[in-house]
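Structural overview for review
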Amino acid sequence: MKKVFFAFAALAVMLAGCKNSQSESEKKLATIPDGQFVPIAVINTDSVLANYEFAVQANDELMNKQENARLDLSERARSLQNDMATFQKKMENNAFLSRERAESEYNRLQKRQEDLQQLEAKMSDDLMKEQQRLTEQMHDSIDSVIKELNKDGKIKLVVTTSSLIETVLYCDPEYDITEQVVDMLNERWNKGKEK
């Protein structure tokens, strides 16, 4: 689950740099005169996720929710298995007083099994929605910080790199804005907590 969260966050960083997809400059072919450099910046997603306080806290909370959901489902499944085993023993020993009583108990156990499967699907769906919400929130925060860092319009392209998605093979350290992005994200996060 942690890798999935990191992958979504990496995607959010990549999308933050490419948000305005049909600008006028993209409609033309880019030409770079000889001897000039493309004004780019690189963000290391792993560093953002490891050092952005909101990302760390959100990941911990999501992991706790997932662990609690697994524990709850495991306990319910174990209880159901015990009741099914008890039902099977009663059937083998002809312990039910009537066929209707046995059928009623069987139907009750079937219903519990269906309810458990539905609960598992709902919990999984809820966790995915929560993860998506957090990813969107991180994307918005990163996009906002990049816009603020690029008020002067000098950066024309922002790319990302991470241990999961290697899109940058080499980056001169002067183009790496990861630390600036993390610092600004944490500053905003801490100001938001103070309010």
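Attention now goes to the nonpolar core. Ile43, Val48, Tyr52, Phe54, Met138 and Leu185 are the most contacted members of the largest nonpolar core, which totals 31 residues. Mapped onto this core, the elements with two or more residues apiece are β1 (40-44), α3 (45-51), α4 (53-92), α5 (99-149) and α6 (178-194). At 10 residues, α5 tops the list of elements feeding residues into this core. Apart from residues no more than four positions distant in its own chain, Val48 is found in contact with Ile43, Ala55, Ile142, Thr178, Val182 and Leu185.

A word on the packing of α4 against α5. Interhelical geometry of α4 versus α5 gives an angle of 170 degrees and a closest axis separation of 11 Å. Between α4 and α5, the interaxial angle falls into the category roughly antiparallel. Its residues assigned to classes, the contact of α4 with α5 shows 20 nonpolar, 6 polar and 9 charged.

Enumeration according to the criterion identifies 4 aromatic pairs in this entry. Relative to Phe54, the ring of Tyr52 lies with its centre 5.7 Å away and its plane at 50 degrees, an arrangement referred to as tilted. On the basis of relative accessibility, which here comes to 4%, the residue Tyr52 falls in the buried class. With a relative accessible area of 6%, Phe54 lands in the buried category.

Within the secondary structure layout, Asp83 lies in helix α4. Using a relative accessible area of 27% as the deciding quantity, one classes Asp83 as partly exposed. As for Asp83 and Glu105, which are separated by 22 residues in sequence, their C-alpha atoms are 9.9 Å apart. Discounting residues that sit within four places of it in the chain, Asp83 has contacts with Arg108, Leu109 and Arg112.

What follows is about the pattern of salt bridges. Inspection of the entire model under this criterion finds 14 salt bridges. Put simply, Asp115 and Lys111 hold a salt bridge, and the shortest N to O gap is 2.8 Å. Within this pair, Asp115 and its partner Lys111 are both found in helix α5, separated by 4 residues, close to a single helical turn. By relative accessible area, which is 33% here, Asp115 ends up partly exposed. Accessibility expressed as a relative area gives 46% for Lys111, which makes it partly exposed. Across the pair Lys147 and Asp143 runs a salt bridge whose closest N-O atoms are separated by 3.4 Å. On the criterion of helical spacing, the pair formed by Lys147 and Asp143 is a turn pair, its members being 4 residues apart in helix α5. For Asp143, a relative accessible area of 6% puts it in the buried group.

Our focus in this paragraph is the packing of α4 against α6. How two helices pack is summed up by the angle between their axes together with the distance between the axes. At a minimum axis separation of 8 Å, α4 and α6 run at an interaxial angle of 70 degrees. Viewed along their axes, α4 and α6 adopt a mutual orientation that is roughly perpendicular. Taking contact as the criterion, the partners of Glu53, Phe54 and Gln57 in α4 are, on α6, Asn186, Trp189, Asn190 and Lys193. For the contact of α4 with α6, the per-class residue count stands at 2 nonpolar, 3 polar and 2 charged.

How each quantity is defined
- Residues numbered from 1 in each chain as written.
- Predicted model: local features only at pLDDT ≥ 70, side-chain atom pairs only at ≥ 80, totals over all residues.
- Heavy atoms only, no water.
- Core = buried A, V, L, I, M, F, W, Y, C linked by side-chain atoms within 4.5 Å.
- Buried < 20%, exposed > 50% of the residue type's maximum accessible area, 1.4 Å probe, protein only.
- Helix = DSSP H or I, 4+ residues; strand = E, 2+ residues; numbered from the N terminus.
- Contact = heavy atoms within 4.5 Å.
- Axes fitted to C-alpha atoms, helices over the stretch in contact; angles between N-to-C directions.
- Parallel < 35°, antiparallel > 145°, perpendicular 65-115°, else oblique.
- Nonpolar A, V, L, I, M, F, W, Y, C, P; charged D, E, K, R; others polar.
- Phe/Tyr/Trp six-rings, centres within 6.5 Å; stacked < 30°, edge-to-face > 60°.
- Salt bridge = Lys/Arg side-chain N within 4 Å of Asp/Glu carboxyl O.

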